[in-house]
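The primary structure of each chain is shown beneath.
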Amino acid sequence: MDPELFEIRQHMGRFPPFDRISDELLDEVAGSIEVAYFRAGTAILEDGQAIGHLCYVRSGAVEVYRRTGALYDRLGEGDIFGHYSLMRGNRVRFPAVAIEDTLIYFIPEEVFQKLCEGEDHFADFVELGRPRLQAAVEDQRKNNDMMITRVRKLIARPPLIVEMTDSIQDAARRMNAQDAEAALIVDAAGDNPRYTYADSEGRLWQVRGIITDYDFRARVVAAGLAPETALSELVRERLVAIQSDESVYEAMLCMLRNNVHHLPVVHRRRPIGIVTLADIIRYETRSSLYLVDNIFSQKSAAGLAELLPDVRAAFTRMVRDGADSQMVGSALSTIGRSFTRRLLELAEEELGPPPVPYCFMALGSMARNEQTLVTDQDNALVLSDDFNPKQHDEYFYLLGKRVSDGLAACGYSYCKGGVMATNARWRQPLDKWKRYFTSWIEQPTPERLLHANIFFDLDTCHGDNRLVEALQDLVAEKAPQHERFLAAMARNALNRTPPLGFFRDFVMEQDGKHNNSINIKRRGTAPLTDLIRVHALACGSRAQNSFRRLDEIDRTQLLGPGVSDRLRYALEFLSITRIRHQVFDIEHDREPDNNVIPENVSDSDRRNLKEAFQVLSNAQKFLRFRYPLPARAS
């Protein structure tokens, strides 16, 4: 291929929808294009003109407008436009202007039509007209639905191979030398093609059986076979094996059905490994379900702290299995609540029963069910109004301290702002909490707004849940009635802005420690959850999770059509990017954090990040408009 065409092909293959079309079609596309250059400020497509090509932005930037003159989209490298006009009468419906010096690839209409007819993914991309971010999130969800852990993921090494003519003593020596529990027995290929494969030298073999440690005990030693006995005498009539793309669950069923503990795994008839029952048990014990059960069986805080590696393993596994941010956040929050509950149970065993009813209140990300690995502890105690400080406070101080110290040992760092049950201010009877919350809503100050931001994500963790529900009811009833509070919360939510420069560039952290990175929590997920919280407070929502809050906001007239969906896609993409970054850190033996380096993410994800931040930026502009500060009474 011509080097210039090769470069065009390589470039287009990096961006959707061209990244998933066949090599043959991509070659044809690259060979068909015409290149045009447009100076900044010149029109590329004018309203109503005839159009006979799809436009692909090779470099530069383009703005696409509606016929009303309103900006419809802003495009950059790898984006396409003109497809709506091609599919609707070949007249330009969305004029386009170069806003930087821009290079455009024109793809002829006949090639465009061939792509639509021959590539379902391409047709979906251009016909459904989904925004990039929506497409990315929905594709991920689709992949997640299809995601089943394949049994090949459990294979740690290639199988040990022995031949039918080998003696059982030779086989035992080789298994012992390689520390193998089992070996596959092969023979020269015969007439049966099943399990026939070619080795690296092209010789044909057929897998005939398997020999295990158990066989040496039960069928060799116990049966009194001589060491020089050929393995052919041990081969059973039927080989039980499994294909590599079967699920772990199916492998487990296969073992149960056939009462075997070692299962050869084949890929296109070639043996690639042996999975044992222990492999499957080990895999299952990394599940969050097993972990929660294990938490409640621990007898001490020290035992709980020893489970920290298991938390990280469960987190990594969920992400690698394709879980989305809601699944990961919910599982991590459940694990965090389980640690807290078990610590409270252990503390009550030591301190005795509580003198008055109480509820241990989860705050922040745990209350929202949106925790990740990088989190601190935000909690408080709501006590019965029978609480008498002189008689009871020592007990609840010690209770809170047991939990906070235990959580810190389990990887949940102390709250730097002191929002913990060890702080007397946050260890109060229900009536005092109601007065706190009422004053924060009716007389907002910067400090009270900060508290509202933390405490208005609240949920029961352990104890009498009616105490926390009373506070949730208070917030849901009072907040919508106080415009000044909502306006102040809205302005508070604008303090952290997305890291977008004047045009399309990321603004990196320059704090000396994390230069050229983006703190995706501080600049993305946190301001997004802040603004969702403001809308949720305005509509009297009792939901705590941000996605559930968006569902309830969607039932009101607070936001325009489609806005809550865009916020949902942006939050999912930013959250899962943050989560994947933490997994990346763990797998590279680094302490996980929230500092994503854009250069380390793919071109496609970098573009989606920009779009998600743009959604946040637009939503913040609307927030100021939607909740204006009311005029003070004269």
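Residues numbered from 1 in each chain as written. Predicted model: local features only at pLDDT ≥ 70, side-chain atom pairs only at ≥ 80, totals over all residues. Heavy atoms only, no water.

J.: Is there a simple way to think about the packing of aromatic side chains in this case?
T.: Working definition: an aromatic ring pair is given by the centre-to-centre distance plus the angle between the planes. What the rule picks out here adds up to 25 aromatic pairs. The interplanar angle of 50° and the centroid separation of 5.8 Å between the aromatic rings of Tyr-84 and Phe-94 together place this pair among those described as tilted. Within this pair, whereas Tyr-84 is found in helix 3 (residues 83-87), its partner Phe-94 is found in the loop between helix 3 and strand 7 (96-98), the two being separated by ten residues in sequence. Geometrically, the ring pair formed by Phe-387 and Phe-396 is edge-to-face, given 6.2 Å between the ring centres and 65° between the ring planes. Neither Phe-387 nor Phe-396 differs from the other in exposure class; each is buried. One aromatic cluster is present, built from ring pairs that chain together Trp-426, Trp-433, Tyr-436, Phe-437, Trp-440, Phe-455, Phe-456 and Phe-485. (Phe/Tyr/Trp six-rings, centres within 6.5 Å; stacked < 30°, edge-to-face > 60°. Helix = DSSP H or I, 4+ residues; strand = E, 2+ residues; numbered from the N terminus. Buried < 20%, exposed > 50% of the residue type's maximum accessible area, 1.4 Å probe, protein only.)

J.: I keep staring at the pairing of strand 17 (residues 379-383) and nothing clicks. Help me out?
T.: Looking along a regular strand, one sees side chains alternate from face to face of the sheet. Counting buried positions over the five residues of strand 17 gives five, a clear majority of the element. Sheet topology note: the strand 17/strand 18 (residues 427-429) ladder contains three bridges and is parallel. Across the sheet, residue Leu-383 finds its bridge partner in strand 18, namely Pro-429. Between strand 17 and its parallel partner strand 18, the chain crosses via helix 16 (residues 389-409), and the hand of that crossover is right-handed. (Pairing = 2+ DSSP bridges. Right-handed = clockwise from strand over helix to strand, strands pointing away.)

J.: Which parts of the structure should I look at to understand the packing of helix 2 (residues 23-32) against helix 4 (residues 109-118)?
T.: The geometry of a pair of packed helices is captured by two quantities: the angle between their axes and the separation between those axes. Look at helix 2 against helix 4: their axes get within 10 Å of each other, and the N-to-C directions meet at 165°. Between helix 2 and helix 4, the angle falls in the class roughly antiparallel. In the crossing of helix 2 with helix 4, the sense of the turn from one axis to the other is left-handed. Taken together, the residues of helix 4 that come into contact with helix 2 (itself represented by Leu-25, Glu-28, Val-29 and Ser-32) are Val-111, Lys-114 and Leu-115. (Axes fitted to C-alpha atoms, helices over the stretch in contact; angles between N-to-C directions. Parallel < 35°, antiparallel > 145°, perpendicular 65-115°, else oblique. Left-handed = near helix turned anticlockwise from the far one by under 90°. Contact = heavy atoms within 4.5 Å.)

J.: How should I be thinking about the pattern of salt bridges in this particular structure?
T.: A side chain with one charge may pair with a side chain of the opposite charge, provided their charged atoms come close. Across all of its chains, the model carries 35 salt bridges by this definition. Salt-bridge contacts for Asp-565 lead to Arg-568; the nearest nitrogen and oxygen are separated by 2.7 Å. You can see Asp-565 and its partner Arg-568 sitting in helix 23 (residues 563-587), three residues apart, about one turn around the helix. For Asp-565, a relative accessible area of 34% translates into the label partly exposed. A relative accessible area of 15% places Arg-568 in the buried class. Asp-585 serves as the salt-bridge partner of Arg-590, at 3.1 Å between the closest nitrogen and oxygen. By relative accessible area, which is 40% here, Arg-590 ends up partly exposed. According to the relative accessible area criterion, Asp-585 is buried, its value standing at 2%. Ionic contacts of the salt-bridge type, sharing partners, join the residues Arg-368, Glu-370, Asp-457, Arg-496, Asp-530, Arg-533 and Arg-549 into one network. (Salt bridge = Lys/Arg side-chain N within 4 Å of Asp/Glu carboxyl O.)

J.: Hey, could you run me through the sheet that holds strand 10 (residues 182-188) in this one?
T.: Two pairing modes exist for strands in a sheet, parallel and antiparallel, and in both the strands are linked by backbone hydrogen bonds. Strands sit in the order 9-10-12-11 across an open sheet of four strands; the sheet is mixed. The open sheet is flanked by strand 9 (161-163) and strand 11 (196-198), the only strands paired with a single partner. Pairs of neighbouring strands in the sheet enclose a mean axial angle of 50°, with direction left out of account. Direction of pairing for strand 9 relative to strand 10: parallel, over a ladder of three bridges. Within strand 10, the position partnered with Val-162 by the bridge is Ile-185. Helix-sheet contacts for helix 7 (residues 168-177) involve strand 9, strand 10 and strand 12 (204-212), and the interaxial angle to strand 9 is about 170°.

J.: What am I meant to see in the sheet that holds strand 15 (residues 270-276) here?
T.: The strand order across the open sheet built from three strands is 13-14-15, with neighbouring strands paired in mixed fashion. The open sheet has two edge strands, strand 13 (242-243) and strand 15, and neither has a second partner.

J.: Is there a simple way to think about helix 9 (residues 248-258) in this case?
T.: Those residues of helix 9 not exposed but buried are Val-248, Ala-251, Cys-254 and Met-255. Seen along its axis, helix 9 keeps its buried residues to an arc of 115°; they face one direction. In helix 9, those exposed residues whose orientation departs by more than 90 degrees from the buried face are Tyr-249, Leu-256 and Arg-257. Between a side-chain oxygen at the N-terminus of helix 9 and the backbone nitrogen of Glu-250 the separation is 2.9 Å; the capping residue is Ser-247. After helix 9 finishes, the residue Asn-259 shows a positive phi value of roughly 55°. (Arc of directions from axis to C-beta. Polar contact = N/O pair within 3.5 Å; in protein donor to acceptor, adjacent residues only side chain to side chain.)

J.: How should the state of the cysteines be read in this particular structure?
T.: Put plainly, a disulfide is one covalent bond tying together the sulfur atoms of two cysteines. If you walk through the whole model with that rule in mind, you get zero disulfides. No disulfide involves Cys-55; its nearest neighbouring cysteine sulfur is the one of Cys-116, lying 14 Å away. Overall, Cys-55 belongs to the buried group, its relative accessible area being 0%. (Disulfide = S-S within 2.5 Å.)

J.: Can you help me understand the packing of helix 21 (residues 521-538) against helix 23 in this one?
T.: Look at helix 21 against helix 23: their axes get within 10 Å of each other, and the N-to-C directions meet at 145°. The element helix 21 and its partner helix 23 pack so that their crossing is left-handed. From helix 21, Lys-521, Gly-524, Thr-525, Leu-528, Thr-529, Leu-531 and Ile-532 reach across to helix 23, where they touch Leu-567, Ala-570, Leu-571, Leu-574, Ser-575 and Arg-578. When the residues that make up the contact of helix 21 with helix 23 are grouped by side-chain class, the tally is seven nonpolar, four polar and two charged. (Nonpolar A, V, L, I, M, F, W, Y, C, P; charged D, E, K, R; others polar.)

J.: Teacher, can you tell me more about the environment of Leu-133 here?
T.: Among the secondary structure elements, Leu-133 is positioned in helix 6 (residues 132-146). We classify Leu-133 as buried; its relative accessible area is 2%. For the pair Leu-133 and Arg-174, spaced 41 residues apart in the sequence, the C-alpha separation amounts to 54 Å. When residues no more than four places from it in sequence are discounted, the contact partners of Leu-133 are Tyr-569, Ala-570, Phe-573, Asn-608, Glu-611, Ala-612 and Val-615.

J.: What is the right way to read the nonpolar core from this model?
T.: Met-361, Trp-433, Phe-437, Phe-455, Phe-456, Phe-485 and Leu-528 are the most contacted members of the largest nonpolar core, which totals 65 residues. Counting the residues that make up this core, at least three belong to each of domain 3 (288-426) and domain 4 (492-626). Ignoring sequence-local partners within four residues, the contact set of Phe-455 consists of Met-361, Leu-363, Ala-380, Val-419, Trp-426, Trp-433, Phe-437 and Trp-440. Counting residues in hydrophobic clusters, the runner-up holds 42 residues, among them Leu-346, Ala-362, Leu-373 and Ile-576. (Core = buried A, V, L, I, M, F, W, Y, C linked by side-chain atoms within 4.5 Å. Domains from an automatic or database assignment.)

J.: Even after reading the chapter, I still don't get the pairing of strand 15, so can you show me in this structure?
T.: Of all the seven residues making up strand 15, five are buried; the element is thus mostly covered by neighbouring parts of the structure. Looking at chain direction, strand 14 (residues 262-267) and strand 15 are connected through six bridges and run antiparallel. Looking at strand 15, one finds that Leu-263 is bridged to Val-275. The hairpin formed by strand 14 and strand 15 contains two residues between the paired strands, and Arg-268 there has a positive phi angle of roughly 50°.

J.: Honestly, unusual backbone geometry in this entry has me stumped. Any pointers?
T.: Across the chain, the bulk of peptide bonds are trans and the bulk of non-glycine residues have phi less than zero. At the junction of Pro-16 and Pro-17, the peptide bond is cis and its omega measures out at 5° in the coordinates. Mapped onto the elements of the fold, Pro-17 is located in the loop between helix 1 (3-12) and helix 2. With phi around 55°, Asp-589 is a residue other than glycine that occupies positive phi space. Mapped onto the elements of the fold, Asp-589 is located in the loop between helix 23 and strand 21 (595-596).

Worth remembering: the numbers are spatial, not functional.
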